[in-house]
Amino acid sequence: EEDAENCAMLLSVATDLIDHTDSLLLHSAATYEGFGPGDLPSLPRVVPKILVAAFGYCVKERPVSSSDSVRSSIDQLFSRCRILLDNFSAIVDRLTFRSELEDELSLLAELCSDLVSFHQVLFMVDLKSSLNVWKLFSKLAREYCNSLRQDFCILIFIFSGFHFYI
């Protein structure tokens, strides 16, 4: 009982951190209209990793939790992560990666790799979000294909070890 209360409280803190990340993301997008990924490199670099970890936790822990309060807290965290993912995707969709800047190409390659990692944690539990992530990946890969040719060997390596669950 006490462990469940502590876990629910910790999940509440994690949910608050996701909410604050979302607020920061939306504030940054509004404040820096027209900014590129190199202007705020932590956004495309860190937000996907936070989300993959949080989604992974929710997917793994919800089925094994015996406490209603913990399951409810996990559902709340998952829901807030989905909102952050939607807002993040909308912002990334509007970014322009400058192909002449090596740092931005590196960010783009890392972001594409991170987008692929969403499949494993989302596909079985949230098909719509998973497909939206693939749509964003497809847009970025298509739009910057020529600039990313060198980095695509990394993505091909990722795909070669990647298994689809259909």
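Owing to the predicted nature of the structure, the values given are computational and were not obtained by experimental measurement.

1. Side note on helix α5 (residues 127-143)
Step number 1: For α5, spanning 17 residues, the distance from its first C-alpha to its last is 24 Å, which sits close to the expected 24 Å at 1.5 Å a residue.
Step number 2: Listed as buried for α5 are Ser129, Ser130, Val133, Trp134, Leu136, Phe137, Leu140 and Ala141. All buried residues of α5 project into a common sector of 160° when viewed along the axis, lining one side. Along α5, the residues that are exposed and aim more than 90 degrees away from the buried face are Lys128, Lys135 and Arg142.

2. Points about the packing of aromatic side chains
Step number 1: One pass over the full model with this rule turns up 4 aromatic pairs.
Step number 2: Considering the side-chain rings of Phe55 and Phe78, the 5.0 Å spacing of their centres and the 65° angle between planes classify their relative orientation as edge-to-face. Linking Phe55 in helix α2 (residues 42-61) with Phe78 in helix α3 (residues 68-94), this pair joins segments that are 23 residues apart in sequence.
Step number 3: Ring geometry for Trp134 versus Phe137: centroids 5.5 Å apart, planes at 85°, classification edge-to-face. With Trp134 and Phe137 both in helix α5 and 3 residues apart, the pair spans about one turn of that helix. Exposure class is identical for Trp134 and Phe137. Each is buried.

3. Looking at the environment of Lys49
Step number 1: Turning to its location among the elements, Lys49 is positioned in helix α2.
Step number 2: When sequence neighbours within four positions are dropped, the list of residues in contact with Lys49 reads Glu110 and Asp114.
Step number 3: Side chain to side chain, Lys49 and Asp114 meet in a polar contact 2.7 Å long.

4. Things to note about the side chain of Asp22
Step number 1: Looking at the secondary structure, you find Asp22 in helix α1 (residues 2-31).
Step number 2: An unpaired buried charge is present at Asp22: no salt bridge exists, and Arg80, the closest side chain of opposite charge, is 8.1 Å distant.
Step number 3: Setting aside residues up to four positions removed in sequence, Asp22 forms contacts with Ile83, Leu84 and Asn87.

Reading the values: rules and limits
Just so you know, the residues in each chain are numbered from 1, in the order the chain's sequence is written. For a predicted model such as this one, the threshold for reporting local features is a pLDDT of at least 70, and the threshold for listing and counting side-chain atom pairs is 80 or more; totals across whole chains, interfaces and linings nevertheless cover every residue. Heavy atoms from the whole structure form the basis of all side-chain values; hydrogens and water molecules are not counted. In DSSP terms, a helix is any run of H or I states spanning at least four residues, a strand is any run of E spanning at least two, and both are numbered starting from the N terminus. Take the number of residues in a helix, subtract one, and multiply by 1.5 Å to get its expected span. Three exposure classes are used, based on accessible area relative to the maximum for each residue type with a 1.4 Å probe and protein chains only: buried under 20%, partly exposed in between, and exposed over 50%. Note that the arc is computed from the directions linking the helix axis to the C-beta atoms. Working definition: a ring pair exists when centres of Phe, Tyr or Trp rings (six-membered ring for Trp) sit within 6.5 Å. Plane angles under 30 degrees give stacked, over 60 give edge-to-face, the rest tilted. Every residue pair with non-hydrogen atoms within 4.5 Å of one another is taken to be in contact. We call two N or O atoms a polar contact when they sit within 3.5 Å, provided that within protein one can donate a hydrogen and the other can accept it, with sequence-adjacent residues counted only if both atoms are side-chain atoms. As used throughout, the charge tally considers Lys and Arg to be positive and Asp and Glu to be negative, leaving His and the chain termini uncounted. Every case where a carboxyl oxygen of Asp or Glu lies within 4 Å of a side-chain nitrogen of Lys or Arg is listed as a salt bridge.

Shape is all these values report; function is a separate question.
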